[in-house]
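# Working through the structure, step by step
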Amino acid sequence: MAVLTLAVGAASMLRAVGPGEVVVVRRRGSPARTRRRGLLMVLPGLDEAVRVPVHFDVTPLVVPARTADGVDVRIEGAAHLQVVDPVRATASETRHRAGQVLEGALAEAAVHSWLADLARRRDSVRDRAAAAVTPELRALGLELDTLVVDAIELNLTPELLAWADRRPPSD
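Computed from a predicted structure; not experimentally measured.

### Details of the overall build of the chain
For the chain, the count of helices and strands is five helices and eight strands. From first element to last, N terminus to C terminus, the chain shows the α and β order α-β-β-β-β-β-β-β-α-α-α-β-α. Taken against the 2.2 N^0.38 rule, which gives 16 Å for 171 residues, the C-alpha radius of gyration of the chain at 23 Å runs more than 25% over that of a compact globule. Expressed along its principal axes, the backbone C-alpha trace of the chain runs to roughly 90 × 25 × 25 Å. Out of the 171 residues belonging to the chain, those deemed buried represent 33%. Of the roughly 10400 Å² that the chain leaves accessible, carbon and sulfur atoms contribute 55%. Taken as two groups, the 22 positive and 22 negative side-chain charges of the chain have centres that lie 10 Å from each other.

### What about the layout of surface pockets?
In this model, the largest pocket occupies a volume close to 270 Å³. Along its surface, the largest pocket is lined by 14 residues, and Val71, Asp72, Asn155, Thr157 and Leu160 are the ones closest to its centre. For the lining of the largest pocket, the elements supplying multiple residues, two or more each, are strand 7 (72–83) and helix 5 (158–166).

### Some details on the pairing of strand 3 (residues 30–35)
Across five bridges, the pairing between strand 2 (residues 21–27) and strand 3 is antiparallel. Paired with Arg26 across the bridge in strand 3 is Pro31. Following strand 2, the chain reverses through two residues before pairing antiparallel with strand 3; Arg28 in that reversal takes a positive phi of roughly 55°.

### As for the pattern of salt bridges
Tallied over the entire structure, the rule returns nine salt bridges. Look at the salt bridges and you will find they share partners, linking Arg74, Glu76 and Glu153 into a network.

### A closer look at the confidence of the model for the chain
In this model, the chain carries a mean pLDDT of 83, and residues with pLDDT of at least 70 account for 94%. By mean pLDDT, the top-scoring element of the chain is strand 7 (92), and the lowest-scoring one is helix 1 (residues 2–12) (68).

### Section: the pairing of strand 7
Bridge analysis of strand 6 (residues 55–66) against strand 7 gives 10 bridges, and the strand direction is antiparallel. If you follow Phe56 over to strand 7, its bridge partner there is Leu81. Counted between consecutive antiparallel strands, the loop separating strand 6 from strand 7 contains five residues, among which Gly70 sits at a positive phi close to 85°. Judged from the 10 bridges that link them, strand 7 and strand 8 (residues 142–153) form a sheet pairing that is antiparallel. Each bridged residue has a counterpart across the sheet, and for His80 the counterpart in strand 8 is Thr146.

### Remarks on the sheet that holds strand 7
Sheet architecture is open: three strands sit in the order 6-7-8, paired in antiparallel fashion. Where the open sheet ends on each side, the last strands, each with one partner, are strand 6 and strand 8. The sheet shows a mean angle of 20° between the axes of neighbouring strands, taken without regard to direction. On top of the sheet, helix 2 (residues 94–111) reaches strand 6, strand 7 and strand 8; it is set at about 40° to strand 6, its chief contact.

What counts and what doesn't
Residues numbered from 1 in each chain as written. Predicted model: local features only at pLDDT ≥ 70, side-chain atom pairs only at ≥ 80, totals over all residues. Heavy atoms only, no water. Helix = DSSP H or I, 4+ residues; strand = E, 2+ residues; numbered from the N terminus. Rg over C-alpha atoms; globule rule 2.2 N^0.38 Å. Buried < 20%, exposed > 50% of the residue type's maximum accessible area, 1.4 Å probe, protein only. Areas by Shrake-Rupley, 256 points an atom, 1.4 Å probe, with all protein chains shown as cover. Lys, Arg positive; Asp, Glu negative; His and termini not counted. Charge placed at Lys NZ, Arg CZ, Asp CG, Glu CD. 1 Å grid on protein atoms, 1.4 Å probe; cavity = no way out; pocket = protein on both sides within 12 Å on 5 of 7 lines; lining within 4 Å. Points joined across faces, edges and corners; volume = space filled by probe spheres on them. Pairing = 2+ DSSP bridges. Salt bridge = Lys/Arg side-chain N within 4 Å of Asp/Glu carboxyl O. pLDDT = per-residue confidence, 0-100. Axes fitted to C-alpha atoms, helices over the stretch in contact; angles between N-to-C directions. Contact = heavy atoms within 4.5 Å.

Written out as structure tokens, the structure reads:
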């Protein structure tokens, strides 16, 4: 009976770490160690195991913004992130904060772009935003793998049509 109790107790301390995740073991609230694959021993009552996906998506990104020439637009996109520091990425608000960082960078990129530039080169907003987010994402333990701008929309308002009428025709 003692052998069975000991075996059950030992089994309850083991955790399997699968592909595509990292487990951060916290002891008394502080990170003690990480494990990427295999079995991990966790002491009940002393250790806490926090699973962190190695990759995750932030989608949808829906960003209201205003261009350099004062036109209100809506940028839609998605991002794929990679965890580079699992200890930093264990915070419960990491995914939400990463979304805020990405949306803020897209809005800021639009502020520095003219509407005509957005229409011709949607990738310029993506590239400017991707370059701007690196330090803030690193602070969250993340790295931007892919940023996609799916659409840039605007409403044809009377003000926008009046603005368009004032512009000289392009070639």
